[in-house]
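So you can see what is in the structure, the chains are spelled out below.
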Amino acid sequence: MAGKYTFTMIKPDAVEKNNIGGILEMMNAAGFRVVSMKLTQLSAAKAGEFYAVHSERPFYGELVEFMSSGPIVAAILEKENAVEDFRKLIGATNPANAEEGTIRKKYAESMGKNAVHGSDSDENAMIEGNFFFSGLERF
Ligand code: CMP
């Protein structure tokens, strides 16, 4: 059964360009409710840990450097069928392939600087949410 929760980050490129509000607006308009949220910055070590699954990929170093380069917004979101619906809302990883109406179509500039992260499975949504938030930070 599909779960009700997903995890997202608004990435350093989108925070830098002052797009937090516009992106949250699109999430809310699509029916996602905020369970947890914080503005924070990952150290390179923490970014490396978060993206450890990609450690063998050629872009890992670039990804870790970029994701620790400035503040991000981390959040747990709730909606029926959250993971799948959120991935539709954010659009393709490469903004050149993102459909009209998606967050990445509107706000992403490249494969790396692609504005937002969204969990790719219920299991990873739980792992990623636990990476940033304690039980006291969920509402
Ligand atoms: P995200 O959804 O956060 O998960 C892994 C990230 O790796 C992905 O978004 C992209 O930002 C990044 N990524 C994937 N492929 C590439 C690539 N070829 N070059 C740079 N970054 C990439």
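The structure reproduced in this document is the subject of the present report.

So, how was this worked out
- Position numbers for residues count from 1 along each chain, tracking the sequence in the order it is written.
- The model is predicted, so local features are restricted to residues of pLDDT at least 70 and side-chain atom pairs to those at 80 or more, both for listing and for counting; the totals for chains, interfaces and linings are taken over all residues.
- Only hydrogens and water are set aside when side-chain values are computed; all heavy atoms of the structure are taken into account.
- Using a 1.4 Å probe on the protein chains alone, a residue whose accessible area is under 20% of its type maximum counts as buried, one over 50% counts as exposed, and one in between counts as partly exposed.
- A run of H or I in DSSP counts as a helix once it spans at least four residues, and a run of E counts as a strand once it spans at least two, with each numbered from the N terminus.
- Between any two strands, at least two bridges found by DSSP are needed for them to pair.
- Think of it this way: one heavy atom of a residue within 4 Å of a molecule or strand is enough to make that residue near it.
- In protein, a polar contact requires one atom able to donate a hydrogen and another able to accept it; more generally it is a pair of N or O atoms within 3.5 Å, and residues adjacent in sequence count only if both atoms are side-chain atoms.
- The method behind every accessible area is Shrake-Rupley, applied with a 1.4 Å probe, and residues are considered shielded solely by the protein chains displayed.
- When the centres of two rings from Phe, Tyr and Trp lie within 6.5 Å, Trp using its six-membered ring, the rings pair. Their planes under 30 degrees apart give stacked, over 60 give edge-to-face, and anything left gives tilted.
- In this analysis the charged atom, NZ for Lys or CZ for Arg, is taken to sit over a ring once it is within 6 Å of the ring centre and within 35 degrees of the ring normal.
- In what follows, residue pairs with any heavy atoms lying within 4.5 Å of each other are defined as contacts.
- Salt bridges are identified by distance alone: a Lys or Arg side-chain nitrogen within 4 Å of an Asp or Glu carboxyl oxygen.

### As for the pairing of strand β1 (residues 5–10)
Next, step 1: Within β1, 5 of the 6 residues are buried, which leaves the element mostly enclosed by the surrounding structure.
Next, step 2: In the sheet, β1 pairs with strand β3 (residues 72–78) via 6 bridges, with the strands oriented antiparallel. Residue pairing across strands places Y5 opposite E78, the latter belonging to β3.

### Considerations on the site of the ligand
Next, step 1: The environment of the ligand is formed by K11, Y51, H54, F59, E62, L63, T93, R104, M111, G112, N114 and H117.
Next, step 2: One of the side-chain N or O atoms of H117 is found 2.9 Å from an oxygen atom in the ligand.
Next, step 3: When the free accessible area of the ligand is taken as 460 Å², the share hidden by the protein chains comes to 81%.

### Points about the packing of aromatic side chains
Next, step 1: In this structure the tally under the stated criterion is 8 aromatic pairs.
Next, step 2: Their ring planes at 75 degrees and their centres at 5.4 Å tell us that F50 and F131 sit as a pair that is edge-to-face. With F50 in helix α3 (residues 44–50) and F131 in helix α7 (residues 122–132), this residue pair connects regions lying 81 residues apart in the sequence.
Next, step 3: The class of F50 is buried, set by a relative accessible area of 9%.
Next, step 4: Classification of F131 as partly exposed rests on a relative accessible area of 25%.
Next, step 5: Across the ring face of F131, the terminal group of K46 is positioned such that the distance to the ring centre comes to 5.0 Å.
Next, step 6: One Lys or Arg, K79, reaches over the ring of F32 and ends 5.7 Å from the middle of that ring.

### Some remarks on unusual backbone geometry
Next, step 1: Backbone geometry at N18 places phi at a positive 65 degrees, although glycine is not the residue there.
Next, step 2: Tracing the sequence through the fold places N18 in the loop between α1 (12–16) and α2 (20–29).
Next, step 3: N18 gets classed as exposed once you look at its relative accessible area, which sits at 70%.
Next, step 4: For N81, which is not glycine, the phi torsion reads 55 degrees and is therefore positive.
Next, step 5: N81 gets classed as partly exposed once you look at its relative accessible area, which sits at 25%.

### Description of the side chain of T8
Next, step 1: Looking at the secondary structure, you find T8 in strand β1.
Next, step 2: Exposure remark for T8: the relative accessible area of 2% places this residue in the buried category.
Next, step 3: At 2.7 Å, the side chain of T8 and the backbone oxygen of H117 are in polar contact.
Next, step 4: Sequence-distant contacts of T8, defined by excluding residues within four places in its chain, comprise M27, V73, A74, A75, L77, F86, V116 and H117.

### Describing the pattern of salt bridges
Next, step 1: One pass over the structure, following the stated rule, counts 7 salt bridges.
Next, step 2: In this structure, K4 and E78 form a salt bridge, with 3.2 Å as the shortest nitrogen-oxygen distance. One end of the pair, K4, is in the segment before β1; the other, E78, is in strand β3, and 74 residues separate them in sequence.
Next, step 3: Residue classification places E78 among the buried positions, given a relative accessible area of 15%.
Next, step 4: Between E49 and K46 there is a salt bridge whose closest N-O contact spans 3.6 Å. Of this pair, E49 and K46 both sit in helix α3, 3 residues apart, roughly one helical turn.
Next, step 5: The structure contains a network of salt bridges with shared partners spanning K4, R33 and E78.

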